[in-house]
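Coordinates in review
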Amino acid sequence: MNHEHLTWKEIEKKQAYSCRVFSVHDTLSQAPDGSIKTFSVIEAPDWAIVIPVLETPEGLKFLMVRQWRHGSRTLSLEFPGGVLEPGESEEYGARRELAEETGWLAARIIKLGEFSPNPAIMSNRVHVYLAKDLTYTGKQDLDDDEYVDVEQIPIEEALKDMGKEPYIHALMASALCLYLAFGSGA
């Protein structure tokens, strides 16, 4: 089925605001019926989320990071991840974020999928990877404003508690869905 009748055409784009992590652009767009409207779009680099699965004597566990989130003003327990650097491949960025935040390296890394974090107002994508066969280096390399605790969480606990504090980050729930659909058997 052809859905061209739903497509808007961007006419003009102007930057309205810019900061360290994103910029906001006002876009003048033409609707399918010819009318013209203005929309604000947040432009940011793509992100990577890594789901590290660790084999322990007690069973499979996720390596997760606990960190403060300024927007929600609370601690959040999340899969490691972050912004892809300019020119960096998605996989390289995922491996880098895993090593920097947790001090663990993955012998195998598998892309599970990607999402648009909020397609109504954001232009970027988040790429989700599964990391297996992990080796501990003992060395984190955190950004100067990054403070995280690395925790080994039983997979069943994360599944049971997702959507409740401290598992409040919606992108982690999306990543977990991809793990359940594709990664748990990989």
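About the thresholds
- Residues numbered from 1 in each chain as written.
- Predicted model: local features only at pLDDT ≥ 70, side-chain atom pairs only at ≥ 80, totals over all residues.
- Heavy atoms only, no water.
- Salt bridge = Lys/Arg side-chain N within 4 Å of Asp/Glu carboxyl O.
- Helix = DSSP H or I, 4+ residues; strand = E, 2+ residues; numbered from the N terminus.
- Buried < 20%, exposed > 50% of the residue type's maximum accessible area, 1.4 Å probe, protein only.
- Contact = heavy atoms within 4.5 Å.
- Expected span 1.5 Å × (residues − 1).
- Phe/Tyr/Trp six-rings, centres within 6.5 Å; stacked < 30°, edge-to-face > 60°.
- Patch = residues over 30% accessible without salt bridge, like charges linked within 9 Å, V, L, I, M, F, W, Y side chains within 5 Å.
- Areas by Shrake-Rupley, 256 points an atom, 1.4 Å probe, with all protein chains shown as cover.
- Lys, Arg positive; Asp, Glu negative; His and termini not counted.
- Charge placed at Lys NZ, Arg CZ, Asp CG, Glu CD.
- Pairing = 2+ DSSP bridges.
- Axes fitted to C-alpha atoms, helices over the stretch in contact; angles between N-to-C directions.
- Core = buried A, V, L, I, M, F, W, Y, C linked by side-chain atoms within 4.5 Å.

1. Thoughts on the pattern of salt bridges
Note that side chains of opposite charge can pair when their charged atoms are close. Per the stated rule, a full pass over the model turns up 16 salt bridges. For Asp145, the salt bridge is made with Arg20, and the minimal N-O distance between the two is 3.3 Å. With Asp145 in the loop between strand 9 (126-136) and strand 10 (149-154) and Arg20 in the loop between strand 1 (9-18) and strand 2 (23-30), this pair connects stretches of sequence that are 125 residues apart. Look at Asp145 and you get partly exposed, because its relative accessible area is 44%. In this structure Arg20 comes out as exposed when scored by relative accessible area, which is 71%. Look at the salt bridges and you will find they share partners, linking Glu88, Arg96, Glu97 and Glu100 into a network.

2. Details of the side chain of Ser23
Take Ser23: it is sitting in strand 2. If sequence neighbours within four positions are ignored, Ser23 has contacts with Gln15, Tyr17, Ser18, Val41, Ile42 and Glu43.

3. Structural notes on helix 1 (residues 90-102)
When the terminal C-alpha atoms of helix 1 are compared, their 18 Å separation across 13 residues agrees well with the 18 Å that a helix rising 1.5 Å per residue should span. Elements in contact with the buried residues of helix 1: strand 4 (47-56), strand 5 (59-69), strand 7 (81-83), strand 8 (104-115), strand 9 and strand 10. A positive backbone phi angle near 80 degrees is found at Gly103, which sits one or two residues after helix 1.

4. Some points on the packing of aromatic side chains
Aromatic rings considered in pairs are described by the distance between their centres and by the relative angle of their planes. Summed over all chains, the structure comprises 5 aromatic pairs. Considering the side-chain rings of Tyr17 and Phe22, the 6.1 Å spacing of their centres and the 50 degrees angle between planes classify their relative orientation as tilted. Given the relative accessible area of 28%, Phe22 is considered partly exposed. Ring plane angle 45 degrees and centroid distance 5.0 Å describe the contact between Trp104 and Tyr136, whose orientation is recorded as tilted. Here Trp104 is found in strand 8, whereas its partner Tyr136 is found in strand 9, with 32 residues between them in sequence. Ring pairs connect the aromatic residues Phe62, Phe79 and Tyr179, which therefore count as one cluster.

5. As for a negative patch on the surface
On the surface, Glu85, Asp141, Asp143 and Asp144 cluster together to form a negatively charged patch. Tracing the backbone through its elements, the reader meets Glu85 in the loop between strand 7 and helix 1. On the basis of relative accessible area, Glu85 is assigned to the partly exposed category, the value being 43%.

6. Focus on the sheet that holds strand 1
Taking strand neighbours across the sheet as the criterion, the 3 strands line up as 1-2-3 in an open arrangement whose pairing is antiparallel. Each end of this open sheet is capped by a strand with a single partner; those strands are strand 1 and strand 3 (36-43). The mean inter-strand angle of the sheet, taken between neighbouring strand axes irrespective of direction, is 25 degrees. The pairing of strand 2 with strand 3 spans 8 bridges and is classified as antiparallel. Bridging from a neighbouring strand, Val24 pairs with Ile42 of strand 3.

7. A closer look at the nonpolar core
Counting residues in each nonpolar core, the largest one holds 22 residues, and the members touching the most others are Ile51, Phe62, Met64, Phe79 and Tyr179. Where this core is concerned, the elements lending two or more residues are strand 4, strand 5, strand 9, helix 2 (155-161) and helix 3 (170-183). Top element by residues in this core is helix 3. It accounts for 6 residues. Sequence-distant contacts of Met64, that is, excluding residues within four places in its chain, are made with Leu77, Glu78, Phe79, Asp149, Val150, Glu151, Ile153, Ala158 and Tyr167. Within the second largest apolar cluster, 13 residues are counted, among which are Ala48, Leu63, Ala106 and Tyr129.

Just geometry here; none of it tells us what the structure is for.
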